[in-house]
Amino acid sequence: MASATPSLFPLLIFARLSALIVAVLVLIWALGFKTSFLPNTPSHEDLIYAVLHPLFMVIGFILISGEAILVHRWLPGSRNLKKSVHLCLQGVALACGIFGIWTKFQGQDGIVANFFSLHSWMGLICISLFGAQWLMGFLSFWHRGEARSIRVQILPWHIFLGLYTYGLAVVTAETGLLEKLTFLQTNRNVSKHSTESMVVNGLGLGLALLSGIVILAAVSPKHQDSHAAAKTIYSK
């Protein structure tokens, strides 16, 4: 079995470091600035749902789905093992995403009040695409109900839609951060130079950095023999 290219190891390390930074920042924001998540009603239950939303959407949905994308780059073993781990991680990410959206519909404001912004529309589109992508991956590559030729034709679309949906999830999170920060600075008198504003901006930058590293690692050559083949082609 061919070994992974050494050029991928720095990307994997940077991806894990970026994911760690993102996780720490979202935890600091959600748990350290709870007053920013206070809803219009004084209900403690609504506050819990409001705090759980960014935690599940960032850590549960984005970070775990990013790790699932990287499975094929670092996990040793057979292709079936890698596909199994990839499928399971994406399933966990999908469950976290569904639960994260569900928390927004549990407040006293109801569903309609949380379905008016670009962030909410993109979120529902993203989770729908993610679910369809997971189902397509299960049926085409795990269930093995289709002929090999059909799976080969579907694979490029599966990869494209997977990376597109992951990127869309990050963009959706960025719109949510911008929406929340704008609300805080306008209605809650949170200063643009406050610690919370810096944490939220840092979280947005961390997500942008993480997505770039994950996508780059996903499209980079995987094996040493890929470089050897390229050298052979260009030497002719």
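The name an unreviewed UniProt entry assigns to the protein chain is ascorbate ferrireductase (transmembrane), from the organism Actinidia rufa. Quoted verbatim from the Cofactor (unreviewed entry) field of UniProt, the annotation for the protein chain is "heme b". The heading Subcellular location (unreviewed entry) in the UniProt record of the protein chain holds the text "Membrane".

Q: What is the right way to read the overall build of the protein chain from this model?
A: Counting its secondary structure elements, the protein chain contains 7 helices and 0 strands. The order of α-helices and β-strands along the protein chain, N terminus first, is α-α-α-α-α-α-α. Looking at the protein chain as a whole, 40% of its 236 residues are labelled buried. A total accessible area of about 13100 Å² is found for the protein chain, and carbon and sulfur atoms account for 71% of it.

Q: What is the right way to read the side chain of Ser-211 from this model?
A: As for its placement among the helices and strands, Ser-211 is situated in helix H6 (residues 195-219). Residue Ser-211 is classed as buried on the basis of its relative accessible area, which comes to 11%. Once you skip the residues sitting within four places of it in the chain, Ser-211 turns out to touch Tyr-166 and Val-170.

Q: How do you make sense of the UniProt feature "transmembrane region" (unreviewed entry) in the protein chain when you look at a structure like this?
A: As annotated in UniProt, the feature "transmembrane region" (unreviewed entry) corresponds to residues 7-31, 51-72, 84-102, 122-142, 154-178 and 198-219 in the numbering used here. Along residues 7-31 one finds 96% helix and 0% strand; the C-alpha atoms at either end are 37 Å apart.

Q: Could you clarify how one ought to interpret the packing of aromatic side chains in this entry?
A: How two aromatic rings sit relative to each other is given by the distance of their centres and the angle of their planes. Overall, the coordinates contain 8 aromatic pairs when judged by the stated rule. Ring plane angle 20 degrees and centroid distance 6.1 Å describe the contact between Phe-160 and Tyr-164, whose orientation is recorded as stacked. Pair noted here: Phe-160 and Tyr-164 are both in helix H5 (residues 148-187), with a separation of 4 residues, about one helical turn. One aromatic cluster is present, formed by Tyr-49, Phe-56, Phe-99 and Trp-102 through successive ring pairs.

Q: What is the right way to read helix H1 (residues 8-32) from this model?
A: One turn of an α-helix holds 3.6 residues; hence residues three or four places apart share an orientation. For H1, built from 25 residues, the straight-helix expectation of 36 Å at 1.5 Å per residue is met to within 8% by its first-to-last C-alpha distance of 35 Å. Every buried residue of H1 is accounted for by Leu-8, Leu-11, Leu-12, Ala-15, Ser-18, Ala-19, Val-22, Ala-23, Leu-25, Val-26, Trp-29 and Ala-30.

Q: Before we go on, may I ask you to explain the pattern of salt bridges in this structure?
A: This structure, assessed with the given rule, holds 1 salt bridge. Taking the shortest distance from any N to any O, the salt bridge between Arg-16 and Glu-67 comes out at 2.7 Å. One end of the pair, Arg-16, is in helix H1; the other, Glu-67, is in helix H2 (residues 44-74), and 51 residues separate them in sequence. Overall, the relative accessible area of 34% leaves Arg-16 in the partly exposed class.

Reading the values: the criteria
- Residues numbered from 1 in each chain as written.
- Predicted model: local features only at pLDDT ≥ 70, side-chain atom pairs only at ≥ 80, totals over all residues.
- Heavy atoms only, no water.
- UniProt positions renumbered as here; feature names shortened; annotations may be inferred.
- Helix = DSSP H or I, 4+ residues; strand = E, 2+ residues; numbered from the N terminus.
- Buried < 20%, exposed > 50% of the residue type's maximum accessible area, 1.4 Å probe, protein only.
- Areas by Shrake-Rupley, 256 points an atom, 1.4 Å probe, with all protein chains shown as cover.
- Contact = heavy atoms within 4.5 Å.
- Phe/Tyr/Trp six-rings, centres within 6.5 Å; stacked < 30°, edge-to-face > 60°.
- Expected span 1.5 Å × (residues − 1).
- Salt bridge = Lys/Arg side-chain N within 4 Å of Asp/Glu carboxyl O.

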